[in-house]
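# Summary of structural features
Each chain, written out:
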Amino acid sequence: MYSEQKYDSTLRFWMEDDYFDELSRRELAEITDLKELEDRFYTTLEFGTGGIRGVLGAGTNRLNRYVIRKVTQGLADTILEHGPEACQRGVVIAYDSRYFSKDFALETALVLAVNQIKVYLFENLRPTPELSFAVRYLRTIAGVNITASHNPKEYNGYKVYWEDGGQLPPAPAKQIITKMAEREDWRIVPADRTRALEEGMVQMVGDQVDAAYQAEIIHSLLNTELTQTYGTKLNIVCTPLHGTGGSPVQSILTKMGFTAFRMVAEQEQPDPEFPTVKSPNPEDPESFALALTLAKKTQADLVLATDPDADRLGVYALDRSGQYCRFTGNQIGVILAYYILDQRRRNHRLPDNGVIVKTIASTDLAEAVAADFGAKTVNVLVGFKYIGEKIKEMEAQGWGTFLFGFEESHGYLAGTYTRDKDAVQASALLAEAALYYKQIENKTLPDILAELFARYGTFLDEQVAFALSGKEGRERIAAVMDRLRTAKPLSVAGLSIRFIDDYQQNIRWDALENKTEEIDLPRENALRFSFEGGGYVMARPSGTEPKIRFYFCIKGSTRAEADATLARVKAEVFTLINDLMV
């Protein structure tokens, strides 16, 4: 019975103690499903390597002001251990358009303030990349962003950044987790808001940081004279999908000289309900329905969509036949990488030690493009935090010039002013690239992708995810990974395998030479089977969801050949594990 479980006392505490607000207690009292109550209290929402994310609601396994206070106290205890200087440097806090984001940001600020830690709080919602920039600009010890990125409306999250502007490194993450575990008492009383503001422990920020952030984006552009002169000739449609991207993208495009752009009116204003989309995710073609309708009416050259915290960018572009072509995250990354490298070389600004950083789940086409320009490609684990860490490593060790980083899940960054993916900058760069190719070369972005395929091979990419929830689901995911490790195939659908990378063991097996070597990356449960001549299949269980993802990158001499090969590879891989997936 539920009443016999150890978490019953915690449930009674939440329902009866005056520390918790009346709405929370009423919410719990109205739940009649014992399984629902169990799910809310059987554990505490877990703080991962970068923060927490969860469904909104009352309970220890939901995201609410009390969980926010508890994790913030863990962050405060960690900062306090770094000494008075760290406390004086303080923490900058931003938030997006989701339910309770502003409230959670204030709770975070006031818990830090009661611990005598200086706080810089954005006056209203801001993109995730600006928060990362603000950590560096204000020289704070840490940053917090209240966001759940592109998750459904029921979610919110708490994302922590460290002093370099990158996502939280392992050491302070472990400290926060330890501090949270040590403090069993849920009663954490924040500072008084009025007093914290009057005493300067909480300082509101906004315009000054905005100006500095946007100046860095403008500085990263490659053809500002072109956009100022011909920006009116590119017709753009933009949508922030009810999130934070509307104002900053509009501001940047205007400063660049792009005046022929239209915002999707129904999606322009922040709205935590995300009423016009099933999912506020620019990776999802359905999220572009309203934008494409407007684009067709106005014959837009380019359609841009940013996710709620404006760190991911989705793109459609008009082709010569008058159709709108969707670009995958990999294709956007490759086009941006090619544009940056090509323009830098034309302008004699391409360094000899240039570096492109991408994740192991991102297309091999990028490596072929980079090599053609004499740039090095560095592969990191999935997650943009690893790209940020690589930038930090390059600066600390004095090797390489970071030029561009991207991941297949629509995240991009050119430059080091921020340490997270930036859809505001990516929107600006892609608009600049589209104008350059239209005005100077009389080409569309689909034309450029076709040229890259013709030059380096047609690379097609696809991701397939399987949701396997519960204990049985976790066991089946583990069994899938075990089978793939054991199988150790020499070919898939007629494609010879050259390397098998096991990131859990950090070992690469060279099938041609029949030898192994170590992989210099953090360990992660992922397998990558790389084909001779380019392309791969990769399997990776999600670290945040009950899912296993398969990544396919297939190279062909033509689109038809690549399509056919991709279908065969998928069929053979899924046949191998089919009995474990049903």
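Throughout this document, residue positions are counted from 1 along each chain, in the order its sequence is written. Thresholds applied to this predicted model are a pLDDT of at least 70 for local features of residues and 80 or more for the giving and counting of side-chain atom pairs; totals over whole chains, interfaces and linings are not thresholded and use all residues. The side-chain figures draw on all heavy atoms in the structure; neither hydrogens nor water molecules are used.

As recorded in an unreviewed UniProt entry, the protein chain goes by Phosphoglucomutase and comes from Dehalobacter restrictus. UniProt positions are given in the numbering used here, feature names are shortened, and annotations may be inferred rather than shown by experiment. Under the heading Sequence similarities (unreviewed entry), UniProt records this for the protein chain: "Belongs to the phosphohexose mutase family."

## Examining the nonpolar core
Counting residues in each nonpolar core, the largest one holds 99 residues, and the members touching the most others are Ile236, Phe258, Leu302, Phe404, Leu430 and Leu445. Of the residues forming this core, the biggest block, twelve residues, is contributed by helix 18 (residues 423–439). Take the buried residues of types Ala, Val, Leu, Ile, Met, Phe, Trp, Tyr and Cys, join any two whose side-chain atoms come within 4.5 Å, and each joined set is a nonpolar core. Remark: exposure states derive from per-residue accessible area (1.4 Å probe, protein chains only) relative to the maximum for the residue type, with buried under 20%, exposed over 50%, and partly exposed in between. Working definition: helices are DSSP H or I runs of at least four residues, strands are E runs of at least two. Numbering for both runs from the N terminus.

## Focus: the packing of aromatic side chains
For Phe, Tyr and Trp, rings pair up if their centres lie within 6.5 Å, where Trp contributes its six-membered ring, and each pair is then called stacked (planes under 30 degrees apart), edge-to-face (over 60) or tilted (otherwise). If you walk through the whole model with that rule in mind, you get 22 aromatic pairs. Measuring from centroid to centroid gives 5.1 Å for Phe13 and Phe20, while their planes differ by 80°, and the two rings are edge-to-face. For Phe20, a relative accessible area of 1% translates into the label buried. Geometrically, the ring pair formed by Tyr19 and Phe20 is edge-to-face, given 5.1 Å between the ring centres and 75° between the ring planes. For Tyr19, a relative accessible area of 15% gives the class buried. Whether a charge lies above a ring is judged from NZ of Lys or CZ of Arg, which has to be within 6 Å of the ring centre and within 35 degrees of the ring normal. Arg508 extends its terminal NZ or CZ atom over the ring of Phe499, reaching a point 4.0 Å from the ring centre.

## Points about the environment of Ala434
Topologically, Ala434 is positioned in helix 18. In sequence terms Ala434 and Gly246 are 188 residues apart; their C-alpha atoms lie 20 Å from each other. Once residues within four sequence positions are removed from consideration, Ala434 is found in contact with Leu234, Leu302 and Leu445. Residues are treated as being in contact if the distance between any of their heavy atoms lies within 4.5 Å.

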